[in-house]
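# Chains, contacts and geometry: an overview
Given next are the chains, with one letter for each unit.
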Amino acid sequence: MMARTFMPSIGSIDELRELQLKGLQWTLSHAYKGSPAYRKKLDEAGVHPESVRSLEDIAKLPFTTAQDLQEGYPFPLLSVPFEKVVRIHASSGTTGKRKVLCYTQKDIDDWTHFFARCYEMAQLNAEDRVQIAVGYGLWTAGISFQMGCEKFGAMAIPAGPGNLDMQCQFLVDFQSSVMVATASMGLLLAEEVNRRGLQDKINLKKMIFGSERSSDAMRKRIKELLALEHLFDIPGMTELYGPGTGLDCKYHTGIHYWADYYILEILDPDTLKPVPDGETGEMVVTTLRKEAVPLIRYRTRDLTRMVPGECPCGSILPRHDRILGRSDDMIIFRAVNIYPGQIDHVLSGVEGIGSEYQIHLERREDGRDYMTLKVERDEGTDPSRDPELSRKIKEEIKKQILVSAEVELVQYGSLPRSERKSKRVFDTRE
Ligand code: ZN
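The model shown is predicted, which means the values in this text are computed figures rather than measured ones. (Residues numbered from 1 in each chain as written. Predicted model: local features only at pLDDT ≥ 70, side-chain atom pairs only at ≥ 80, totals over all residues. Heavy atoms only, no water.)

Moving on, we get to the sheet that holds strand β4 (residues 155-157). One open sheet accounts for five strands, arranged β4-β3-β5-β6-β7; its pairing is parallel. A strand with exactly one partner marks an edge of an open sheet, and here the two such strands are β4 and β7 (230-234). Shown here is a sheet whose adjacent strand axes are inclined to one another by a mean of 20°, direction ignored. Pairing of strand β3 (residues 129-132) with β4 involves three bridges; the strand directions are parallel. (Pairing = 2+ DSSP bridges. Helix = DSSP H or I, 4+ residues; strand = E, 2+ residues; numbered from the N terminus. Axes fitted to C-alpha atoms, helices over the stretch in contact; angles between N-to-C directions.)

So, about helix α5 (residues 142-152). Turning to α5, its buried residues are Gly142, Ser144, Phe145, Gln146, Gly148, Cys149 and Phe152. Packed against the buried residues of α5 are α4 (105-121), β3, β4, β5 (178-181) and β7. Downstream of α5 by one or two residues, Gly153 has phi in the positive range, about 110°. (Buried < 20%, exposed > 50% of the residue type's maximum accessible area, 1.4 Å probe, protein only. Contact = heavy atoms within 4.5 Å.)

With that out of the way, let us pick up the packing of helix α6 (residues 164-173) against helix α7 (residues 183-195). Two numbers describe how α6 lies on α7: the axes approach to 10 Å, and their chain directions differ by 70°. Taken together, the axis directions place α6 and α7 in an arrangement best described as roughly perpendicular. Where α6 crosses over α7, the handedness of that crossing is right-handed. Contacts between α6 and α7 involve Leu164, Gln167, Cys168 and Leu171 from the former and Met185, Leu188, Leu189, Glu192 and Val193 from the latter. Along the lines of polarity and charge, the residues of the contact of α6 with α7 split into seven nonpolar, one polar and one charged. (Parallel < 35°, antiparallel > 145°, perpendicular 65-115°, else oblique. Left-handed = near helix turned anticlockwise from the far one by under 90°. Nonpolar A, V, L, I, M, F, W, Y, C, P; charged D, E, K, R; others polar.)

Restricting attention to buried positions, one finds in helix α9 (residues 340-348) the residues Pro340, Gly341, Gln342, Ile343, Val346 and Leu347. Those residues of α9 that are buried are in contact with β16 (336-338), β17 (353-363), β18 (369-377), α10 (386-401) and β20 (425-427).

Bringing the coordination of the zinc ion into the picture now. Each donor-metal-donor angle in an ideal tetrahedron of four donors is 109.5 degrees, and each such angle in an ideal octahedron of six donors is either 90 or 180 degrees. Taken together, the protein donors to the zinc ion comprise Cys249 (SG), His256 (NE2), Cys311 (SG) and Cys313 (SG), at separations of 2.1 to 2.3 Å. One can describe the site at the zinc ion as tetrahedral: its four donor atoms subtend angles covering 102 to 115° at the metal. Here the donor residues for the zinc ion map to a single chain with the spacing C-x6-H-x54-C-x1-C. Using a relative accessible area of 7% as the deciding quantity, one classes Cys311 as buried. (Donors = N, O, S within 2.8 Å, 3.2 Å for Na, K, Ca; no water. Tetrahedral: all angles 85-135°; square planar, octahedral: opposite > 155°, others 65-115°.)

Ordered in space as β19-β18-β17-β20, the four strands form an open sheet in which the pairing is mixed. Lying at the two open borders of the sheet, with one neighbouring strand each, are β19 (406-410) and β20. Along the sheet, successive strands turn relative to each other by an average axial angle of 20°, direction set aside. Sheet analysis places β17 next to β18, joined by eight bridges and oriented antiparallel. Among the inter-strand pairings, Ile353 is bridged to a residue of β18, identified as Arg377. Each of β17, β18 and β20 touches α9; the most contacted strand, β17, lies at about 135° to it. The sheet contacts of α10 involve β17, β18 and β19, and relative to β19 the element is tilted by about 140°.

Tallying each qualifying case throughout the model produces 10 aromatic pairs. Both rings, one in Phe114 and one in Tyr241, keep their centres 5.0 Å apart while their planes meet at 85°; by these two values the pair is edge-to-face. Of the two residues, Phe114 sits in helix α4 while Tyr241 sits in the loop between β7 and β8 (246-248), which places them 127 residues apart along the sequence. Each member of the pair, Phe114 as well as Tyr241, carries the same accessibility label: buried. The rings of Phe6, Phe115, Tyr119, Phe145 and Phe152 are connected pair by pair, giving a single aromatic cluster. The ring of Trp258 has Arg117 lying over it, and the distance from NZ or CZ to the ring centre is 5.0 Å. Cation over ring: Arg424 sits above Tyr357, and NZ or CZ is 4.4 Å from the ring centre. (Phe/Tyr/Trp six-rings, centres within 6.5 Å; stacked < 30°, edge-to-face > 60°. Lys NZ or Arg CZ within 6 Å of the ring centre and 35° of its normal.)

Further remarks concern the pattern of salt bridges. What the rule picks out here adds up to 30 salt bridges. Between Glu192 and Arg195 there is a salt bridge, and its shortest N-O distance comes to 2.7 Å. Here Arg195 and Glu192 lie together in helix α7, a separation of three residues that amounts to about one turn. Residue Arg299 pairs with Glu282 through a salt bridge whose shortest N-O separation is 2.8 Å. Here Arg299, found in strand β12 (residues 298-304), pairs with Glu282, found in strand β11 (residues 281-287); they are 17 residues apart in sequence, far enough to count as distant. Both residues of the pair, Arg299 and Glu282, belong to the buried class. (Salt bridge = Lys/Arg side-chain N within 4 Å of Asp/Glu carboxyl O.)

Further remarks concern the domain arrangement of the chain. The domain boundaries assigned to the chain delineate domain 1 (1-327) and domain 2 (330-427). Of note, the centres of domain 1 and domain 2, computed from C-alpha atoms alone, are 31 Å apart. Opposite the 11 residues of domain 1 that make contact, domain 2 presents nine residues. Here domain 1 is connected to domain 2 by zero salt bridges. At the junction of domain 1 and domain 2, the tally comes to zero residue pairs in polar contact (both at pLDDT 80 or more). Tallied by class, the residues present in the side of domain 1 that touches domain 2 amount to three nonpolar, three polar and five charged. (Domains from an automatic or database assignment. Polar contact = N/O pair within 3.5 Å; in protein donor to acceptor, adjacent residues only side chain to side chain.)

Here's what the structure looks like:
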């Protein structure tokens, strides 16, 4: 039995809200005192830290964006004297300048603490051996997986990414029970274990996926090939410490996030007002204890939704869904906000079709907008099933996204593929 727990000691939502308010007030006065950039931002918005008296007052605060981080390069929004900084990480960044984030020793300690909580949420114990097959370095935070693992008390195997040969050998020799990897790495490894006939020689029970979206089909395949008990999703972005800011529990009903370390708002990316509970919107985060670079209403551009209700596990830590996509990818069709990730989700639930699709939007002569989905049949699916499949897809789209779409089934392999992100949305409307 583990002697200690890394879960918060709060027993009720009221206690959590009290802790969040204290953290919010601390963050505001800390940022105001320590960072000229934040002080300017808050002054311009006419908000003094002391004017925030309830959690609802968060709505008065200005937003922080990726641009703020880029403008302050190389050490943006730094709110402590430089001698308190003990480490930096950076996001490799596909657009514009890199985002560099500083950490104090307390930030690292906090991160390590709540990372240990991830392993506790996944119900590991001190006997577990965790093969960490993600990168170590400035751009990635494999080190956080390791520090959390050691703090928790399990055994870390800092394997690093790639090198399937070595990974397979470690799985056999060290009898790793848990593996941390990206989903694409997980799939490669699962296929390799299968090809080498190692299933009976390994002891892998759980996998924890970080840092990229994974389709349901891919997850199912990995789970089957490796006969895993559980797959967990670990969210994380460099701006908000890094990986480990939440984890789904064994019921997999959504990601419990560490609401004692940050406040999560889900806002409509257009109006920047909260969406109704359970609806999709942009994740906006405010940290409660972060010293070096606190975040005040940071717009992540990532889309998700809150999962309403209580989780069967009984944890009071709230849940958000997996990341559905980026707000920059949002489509407005007949006054409904749609994210490609939602279409992806619907399609992955229909048997007989492949994983590739395109969304075509056009305005026809009647002045109305129309959506056509081009969807590949699965490899072995006969074209005679087209009418049945397209009816099924239309019904599910109508039911889950509340819009009407036309569906065109196309041959397997006929839509272009890309190693990078495939273009899926073709919008010819004015
Ligand atoms: Zn739960």
